[in-house]
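# Observations on the three-dimensional arrangement
Here are the chains, one letter per residue:
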Amino acid sequence: ECVSGCVCPEGLFDDGKGGCVEEKDCPCIHNNQWYSPGQKITVDCNTCTCQKGFWSCTEHVCYGTCMIYGSGHYITFDGKFYDFDGSCEYVATQDFCGDKNSSGSFSIITENVPCGTTGVTCSKAIKMFLGKTELKLENKEYKEIQRDIGDDVRYWNRTVGLYLVIEASNGVMLIWDKKTTVFIKLTPDYKGKLCGLCGNFDDKSNNDFTTRSGLQETNALKFGNSWKQSSMCPDVTQEIKPCDVKPHRKSWAEKECSIIQSEVFRICHSKVNPVPFYEACVHDACSCDSGGDCECFCSAVAAYAQECTKAQACVFWRTPDICPIFCDYYN
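Rules of the game
Residues numbered from 1 in each chain as written. Predicted model: local features only at pLDDT ≥ 70, side-chain atom pairs only at ≥ 80, totals over all residues. Heavy atoms only, no water. Helix = DSSP H or I, 4+ residues; strand = E, 2+ residues; numbered from the N terminus. Buried < 20%, exposed > 50% of the residue type's maximum accessible area, 1.4 Å probe, protein only. Contact = heavy atoms within 4.5 Å. Areas by Shrake-Rupley, 256 points an atom, 1.4 Å probe, with all protein chains shown as cover. Core = buried A, V, L, I, M, F, W, Y, C linked by side-chain atoms within 4.5 Å. Domains from an automatic or database assignment. Salt bridge = Lys/Arg side-chain N within 4 Å of Asp/Glu carboxyl O. Disulfide = S-S within 2.5 Å. Pairing = 2+ DSSP bridges. Axes fitted to C-alpha atoms, helices over the stretch in contact; angles between N-to-C directions. Expected span 1.5 Å × (residues − 1).

## Remarks on the overall build of the protein
The secondary structure content of the protein amounts to seven helices and 19 strands. Seen through its principal axes, the protein has C-alpha atoms that stretch 75 × 50 × 50 Å. Taking all 331 residues of the protein together, the buried fraction comes to 45%. Counted over contacts in the protein with a minimum sequence separation of 6, partners at least 24 positions apart contribute 48%. Accessible surface computed for the protein: about 17,900 Å², of which carbon and sulfur atoms make up 50%.

Structure, rendered in structure tokens:
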């Protein structure tokens, strides 16, 4: 139908801001923001340039990142977000997949223990197997154990701010906040060769729930149970809802976690969906009721802030009242 209003003269194009421009001057849009021709943005490890209304991007293959944080929250290499609360040791990721004889160069195990009295679990210790070296990260430090079999894989460790970073010569990097947050970063060489709770890193999130026996699952509990290290551990049979168990903490949790959906993070909302992070935060704030409640809340908000930073939205959310960090001490 006809709609009254302004139209650009022939040969010119609407620039989205109420003006008319030639095709070469058309702007581009990304995450609801307009960019002028020639402007560059970074997406993951690629640079995109705005040209005639379209993005022209470099095509580097990027590192994959898997995040495990708080009370059993996982974001796989392919970006699938799910919860799994098991009290056992589980394979986070490894390249020993497929047939029994297949050789791999590493595996990372997360040991989950109850945190709080509601039954949810947090990652307490991480074991990293690199060839014949085993590293155990626990109680804010790590120790090395040498085994008899396996290849020599060199590794380096360094401290970056709050984090301990372990980087290995086979392209595996582990970043640990010495509490309940772990980032696993891998080079693109591992694409499609992985298995475990972090998925298979093949750029498709719909097949990340592949069990140890190679079956596709839709249920996070069945998928998670298949990756436990010891058959002695009980299977997880139901999802824990800590706010139902501790209803008196729910309103406090919602109030504290509302920072994720507030003005403070507004710049990030169009880049990273805040809803799953807010729900995970409320879950954690309800569940940690035995002295670690601030730590649980802070880890949950920090996880969203980390994703925002990855998406080029830097947010300054910590204050002297909310999850302060004494920078001078860490410097």
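## A word on the nonpolar core
Ranked by internal contacts, the top residues of the largest apolar core, which has 44 residues, are I108, L174 and I184. With four residues, the top contributor of residues to this core is strand β13 (residues 121-130). Here I184 is in contact with G64, T65, C66, F77, A92, T93, I108, M173, L174 and C198, once residues within four sequence places are set aside. Among the nonpolar cores identified, the runner-up in size contains 35 residues, and C243, C257, A302 and C323 belong to it.

## Details of the domain arrangement of the protein
Split by domain assignment, the protein resolves into domain 1 (13-57), domain 2 (64-226) and domain 3 (242-311). With centres defined by C-alpha atoms, the gap from domain 1 to domain 2 works out at 38 Å.

## Quick notes on the pattern of salt bridges
Under the definition given, this model contains 13 salt bridges. Here D152 ties to K132 by a salt bridge, and the two come within 3.7 Å at their closest N and O atoms. Highlighted residues: D152 in the loop between β15 (141-146) and β16 (155-160) and K132 in the loop between β13 and β14 (133-138), separated in sequence by 20 residues. Since its relative accessible area comes to 63%, D152 is described here as exposed. Taking the relative accessible area as the measure of exposure, K132 reaches 24% and is therefore partly exposed. Within this structure, K124, K136 and E138 form a network of salt bridges that share partners.

## Regarding the side chain of N207
Looking at the element boundaries, N207 is found in the loop between β19 (182-186) and α1 (220-226). On the accessibility criterion, N207 (13% relative accessible area) is buried. For N207, the residues in contact, after removing those within four places along its chain, are N200, D202 and Q216.

## Considering the environment of G104
Structurally, the position occupied by G104 is in the loop between β11 (89-94) and β12 (106-114). Residue G104 is classed as partly exposed on the basis of its relative accessible area, which comes to 23%. When near neighbours in sequence (up to four residues on either side) are disregarded, G104 contacts D95 and F96.

## Describing the state of the cysteines
On inspection of all chains with the given rule, the structure shows 13 disulfides. Disulfide pairing is shown between C243 and C286; the S-S distance is 2.0 Å. Taking the sign of the S-S torsion, about 95 degrees here, the bridge from C243 to C286 comes out right-handed. Here C243 is found in helix α2 (residues 242-245), whereas its partner C286 is found in helix α5 (residues 275-287), with 43 residues between them in sequence.

## A closer look at the sheet that holds strand β5 (residues 40-43)
Read across the sheet, three strands follow the order β5-β6-β7 without closing on themselves; strand pairing throughout is antiparallel. Two strands in the sheet have a free side with no partner beyond their single neighbour: β5 and β7 (54-57). Averaged over all neighbouring strand pairs, the angle between strand axes comes to 35 degrees, with direction disregarded. In this sheet, strand β6 (residues 46-51) lies alongside β5 in antiparallel orientation, the contact comprising four bridges.

## Things to note about the pairing of β12
On a regular strand, each side chain points to the face opposite its neighbour's, so the side chains alternate between the two faces of the sheet. With seven of nine residues buried, β12 lies mostly within the body of the structure. As paired elements, β11 and β12 share five bridges and run antiparallel to each other. Counterpart to Y90 in the pairing with β12 is T110. One ladder, built from nine bridges, connects β12 with β13; its direction is antiparallel. Looking across to β13, one finds that E111 is bridged to A125. Here β12 folds back onto β13, and the loop between the two strands holds six residues, one of which, G116, carries a positive phi near 90 degrees.

## Side note on α5
Note that an α-helix has 3.6 residues per turn; residues three or four places apart therefore point the same way. Given a rise of 1.5 Å per residue, 13 residues ought to cover 18 Å, and the 18 Å separating the end C-alpha atoms of α5 matches this to within 8%. Of all 13 residues making up α5, 10 are buried, and the element is well covered by its neighbours. Taken residue by residue, α5 has F277, Y278, A280, C281, V282, H283, D284, A285, C286 and S287 as its buried positions.

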